[in-house]
Amino acid sequence: MNPDDLRYTAEHEWVRLEGDVAEVGITAYAQEALGDIVYVSLPAVGDAVSAGDACGEVESTKSVSDIYAPVSGEVTAVNDALDASPQDINEAPYAGGWLFRVRVADPAAVEALLSAAQYTEHTRA
Amino acid sequence: MNSPLRETPLHSRHVALGAKTADFGGWDMPIEYAGVLVEHEAVRTAAGVFDVSHMGKVRIHGPGAVAFLNSVLTNDLARIGDGQAQYTMLCNEFGGVVDDLIVYRWSDDEVFMVPNASNAPIVVAALRAAAPAGVSIDDHHDDHGIIAVQGPGSRAALEALGLPADHDYMTMVSASHRGEPVIVCRSGYTGELGFELVVPVIILGSVWDALLEKGAPLGVVPVGLGARDTLRLEMGYPLHGQDIAQDITPVEAGLGWAVGWDKPGFDGREALVRQREQGPRRRLRGLVSIERGIPRAHMHVHASGDAGLAGPVVGDITSGTYSPTLKQGIALALLDADIEVGSEVLVDVRGKAIRFAVSKPPFVPSSVR
């Protein structure tokens, strides 16, 4: 269920690297655990984010969860559509439910994140 | 106290239906099946069935059972006749709410009551300690379950099972299903037309299955405690342990309508009469978000003003959630009594000052009648 071409964090984010731009979202496991997502707070375009720092929030009917930047860099785009339809994260966590894109300073840092197999193992632990 | 979680007799069915379960008052209860939002919507537009078997079930019987309860509980049982149900409270000597409950009055000598799950043993013990000779308090927590059927389609769902469903709000009818007695009370915790069925455990599973099967064409779905919370909060119904508690009184919570002020005595009367005369220092109010933000229990409420979150704290959120109907944040909050309905306050939502309007619940119009 976790696409093989993505990288993952132990905090349940996924990263899709294209060139030097990393698209970031939360995993299917994370959205399932959160339940119906009703509100998303994202960083602003132009923000500098640092790997491991909280840079947004995803809130469901029952709880709120921080979004952590998986990699360091500058935010180049945010998924504004989530304002009107936050349920996209539940319905398509690896596609329409993406959160934001970061121009990464060091693309190799993405490769250092968890593989799909490692992440799947992590969610079973 | 780290005892294992209790399960209702329907637990295996919830698991089979794919429910996410969690600890609720010491019970492993279904929180959601298909999701809070669709379940909430189903109850507002069709109907939902809830397993609320964790709630207590207590029978009080013997000569003068009603007179005894009327000398203990806040509401006046003389306001209702036999066959009617009433919302009432058990208070401590300071006027704080030990529990809120529904009592079913069958006759002067026969009453059934539904306390909250975790408070049931406390209520039973308090009543047993105070009961006069001849009045018995029987705990039926484990031999009966309760299924709530709530929503505009609830009446048709009950009729599909051959159960009575045309009685008035807050009245109950004793019926029979598969040869076992079932109490059908027209009551609920959602603000919709609805019923609560008190069912012997031996037929609990078959009633649950039949409601889902025969209700399916009507849009009936299983609903967990997650949607139960968003539904009740849209009505401004208090939850014991959050909005009312041992240190929160009915006067503060705006529940004076459920107090028999003219009764000669009931537990907590002196303290409550005094507080009512002097006016409470704080009141339970509704809050509706003006900006995007979801309030949660224990967040601080600040006075509106340029000082923002540096301004004075005027209260705390007791329950808060996202209203699926309004698509806004809503909350109940204990606020200083001088904060007026219609005014604006700031809620500290994880360090951000979010503007809220002070209101008087319900947040969504009630359809119980």
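Above this note sits the structure.
The structure presented is a predicted model; accordingly, all values stated were derived computationally and were not measured. (Residues numbered from 1 in each chain as written. Chains lettered and ligands numbered in written order. Predicted model: local features only at pLDDT ≥ 70, side-chain atom pairs only at ≥ 80, totals over all residues. Heavy atoms only, no water.)

*Asks:* In this structure, what is going on with the sheet that holds strand β4 (residues 37-41) of chain A? I would like to understand it.
*Replies:* Within a sheet, each strand pairs with its neighbour through backbone hydrogen bonds, oriented either parallel or antiparallel. Residues and elements named next belong to chain A. A sheet is described by the order of its strands in space; here three strands give the open sequence β4-β6-β7, paired in antiparallel fashion. At either margin of the open sheet sits one strand with a lone partner, and together these are β4 and β7 (64-68). Adjacent strand axes in the sheet meet at a mean angle of 25 degrees, parallel and antiparallel pairs treated alike. Two strands pair when backbone bridges link them, and β4 and strand β6 (residues 54-60) are joined in this way by four bridges, in the antiparallel orientation. The residue of β6 that forms the bridge with Val40 is Val58. (Pairing = 2+ DSSP bridges. Helix = DSSP H or I, 4+ residues; strand = E, 2+ residues; numbered from the N terminus. Axes fitted to C-alpha atoms, helices over the stretch in contact; angles between N-to-C directions.)

*Asks:* What is the right way to read the sheet that holds strand β17 (residues 328-336) of chain B from this model?
*Replies:* Residues and elements named next belong to chain B. Within the closed barrel, the six strands sit side by side as β14-β17-β16-β15-β18-β19. Their pairing is antiparallel. Across this sheet, the average inter-strand angle for adjacent strands is 40 degrees, counted without regard to direction. Of the strand pairs in this sheet, strand β18 (residues 344-349) and strand β19 (residues 352-359) are connected by six bridges, and their pairing is antiparallel. Considered in β19, the bridge of Leu346 is made with Arg355. Contacting β16 (313-323) and β17, helix α7 (residues 225-235) runs over the sheet at an angle of about 125 degrees to β16. (Contact = heavy atoms within 4.5 Å.)

*Asks:* Please explain the side chain of Glu252 of chain B as it appears in this structure.
*Replies:* Looking at the secondary structure, you find Glu252 of chain B in the loop between α7 and α8 (269-278). The buried category is assigned to Glu252 of chain B, whose relative accessible area is 8%. (Buried < 20%, exposed > 50% of the residue type's maximum accessible area, 1.4 Å probe, protein only.)

*Asks:* Looking at this structure, I do not really get the packing of aromatic side chains. What am I missing?
*Replies:* Remark: the centre distance and the inter-plane angle together describe each pair of aromatic rings, the angle taken between the planes. Taken as a whole and judged by the stated rule, the model has five aromatic pairs over all chains. A centroid spacing of 5.5 Å and a plane angle of 25 degrees characterise the contact between Tyr87 of chain B and Trp257 of chain B, whose relative ring orientation is stacked. Note that Tyr87 of chain B is positioned in strand β5 (residues 84-91) and Trp257 of chain B in the loop between α7 and α8, a separation of 170 residues in sequence. Arg101 of chain A extends its terminal NZ or CZ atom over the ring of Trp98 of chain A, reaching a point 4.0 Å from the ring centre. Across from the ring centre of Trp261 of chain B, 4.2 Å away, lies the NZ or CZ of Arg276 of chain B, which sits over that ring. (Phe/Tyr/Trp six-rings, centres within 6.5 Å; stacked < 30°, edge-to-face > 60°. Lys NZ or Arg CZ within 6 Å of the ring centre and 35° of its normal.)

*Asks:* Is there a simple way to think about the pairing of strand β12 (residues 194-200) of chain B in this case?
*Replies:* Looking down a regular strand, the side chains alternate between one sheet face and the other. Residues and elements named next belong to chain B. Of all seven residues in β12, seven are buried, a share of seventy percent or more. Both faces of β12 are covered, namely the face carrying Gly194, Glu196, Val198 and Pro200 and the face carrying Phe195, Leu197 and Val199. One ladder, built from seven bridges, connects strand β9 (residues 144-150) with β12; its direction is antiparallel. Within β12, the residue paired with Gln150 across the bridge is Gly194. Relative to β12, strand β11 (residues 180-185) runs antiparallel, the two being bridged by three bridges. In the strand pairing of β12, Cys185 is matched with Glu196.

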